[in-house]
Amino acid sequence: MRASILLIAMTLTVPPGPLTAQTNPDGLGSVEYGRRLAEEVCGECHRVSAERAAKPPAMEEGVEAPDLTERLSDPGVTEMALRSYLRSSHPVMPNIRLTPDETDDIVAYLMTLKTRAR
């Protein structure tokens, strides 16, 4: 019995691992995983990082994907709007299917860009 109590006490005092350290303060999504996903999935067509100097090339003549680092400065781009956008298909975009966790991660990351854009 005493060993069980000690074991429970030890598990409650263990500091959180690296995955929880990267989560969004609101509790939804991992900012770090969201950054990686945005770079892998969205970065082929969109600028998704302030560190990236140039926008990706136009997808086809006359069609450029928006620079998401600039687009996030728009007050109309909210967390709800991003979630809605990521869940719907768009004629010019490939049909990318994200899991709910991946959506949370990308939204968590993109919202950090919005905070930086202010």
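Refer to the structure printed above.
Keep in mind that what you see is a predicted model, and the values were worked out from it rather than measured.

## Notes on the overall build of the protein chain
A tally of helices and strands in the protein chain yields six helices and zero strands. When its helices and strands are written in sequence order, the protein chain yields α-α-α-α-α-α. Out of the 118 residues belonging to the protein chain, those deemed buried represent 29%. Within the protein chain, contacts between residues separated by at least 24 positions form 48% of all contacts whose residues are at least 6 apart in sequence.

## Things to note about the state of the cysteines
Inspection of the entire model under this criterion finds zero disulfides. Cysteine 42 takes part in no disulfide bond, and the closest cysteine sulfur to it belongs to cysteine 45, at a distance of 8.9 Å.

## Section: the pattern of salt bridges
Scanning the entire structure with this criterion turns up seven salt bridges. The residue arginine 36 makes a salt bridge to glutamate 32 at a minimum N-O spacing of 3.4 Å. One end of the pair, arginine 36, and the other, glutamate 32, are both in helix 3 (residues 31–42), four residues apart, so they sit about a helical turn from each other. For the salt bridge of aspartate 67 with arginine 47, the shortest nitrogen-to-oxygen distance reads 3.3 Å. With aspartate 67 in the loop between helix 3 and helix 4 (68–71) and arginine 47 in the loop between helix 3 and helix 4, this pair connects stretches of sequence that are 20 residues apart.

## Quick notes on the nonpolar core
Among the nonpolar cores identified, the biggest contains 16 residues, and Val48, Leu72, Leu82, Ile106, Tyr109, Leu110 and Leu113 are the most heavily contacted of them. Secondary-structure elements contributing two or more residues to this core are helix 3, helix 5 (79–87) and helix 6 (100–117). Per-element accounting of this core gives the leading share, six residues, to helix 6. Each residue touching leucine 113, except ones within four places of it in the same chain, is listed here: Val48, Thr69 and Leu72.

## Digging into the environment of arginine 35
Mapped onto the elements, arginine 35 comes out in helix 3. Each C-alpha atom, one on arginine 35 and one on isoleucine 106, is 6.6 Å from the other, the two residues being 71 residues apart in sequence.

## Re the environment of isoleucine 106
Within the secondary structure, isoleucine 106 sits in helix 6. Remark: the alpha-carbon pair of isoleucine 106 and leucine 86, spanning 20 residues in sequence, is separated by 9.1 Å. Among all residues touching isoleucine 106, those that are not within four sequence positions of it are Gly34, Leu37, Ala38, Leu86 and Leu98.

Criteria and cut-off values
- Residues numbered from 1 in each chain as written.
- Predicted model: local features only at pLDDT ≥ 70, side-chain atom pairs only at ≥ 80, totals over all residues.
- Heavy atoms only, no water.
- Helix = DSSP H or I, 4+ residues; strand = E, 2+ residues; numbered from the N terminus.
- Buried < 20%, exposed > 50% of the residue type's maximum accessible area, 1.4 Å probe, protein only.
- Contact = heavy atoms within 4.5 Å.
- Disulfide = S-S within 2.5 Å.
- Salt bridge = Lys/Arg side-chain N within 4 Å of Asp/Glu carboxyl O.
- Core = buried A, V, L, I, M, F, W, Y, C linked by side-chain atoms within 4.5 Å.

Distances and angles like these do not, on their own, reveal function.
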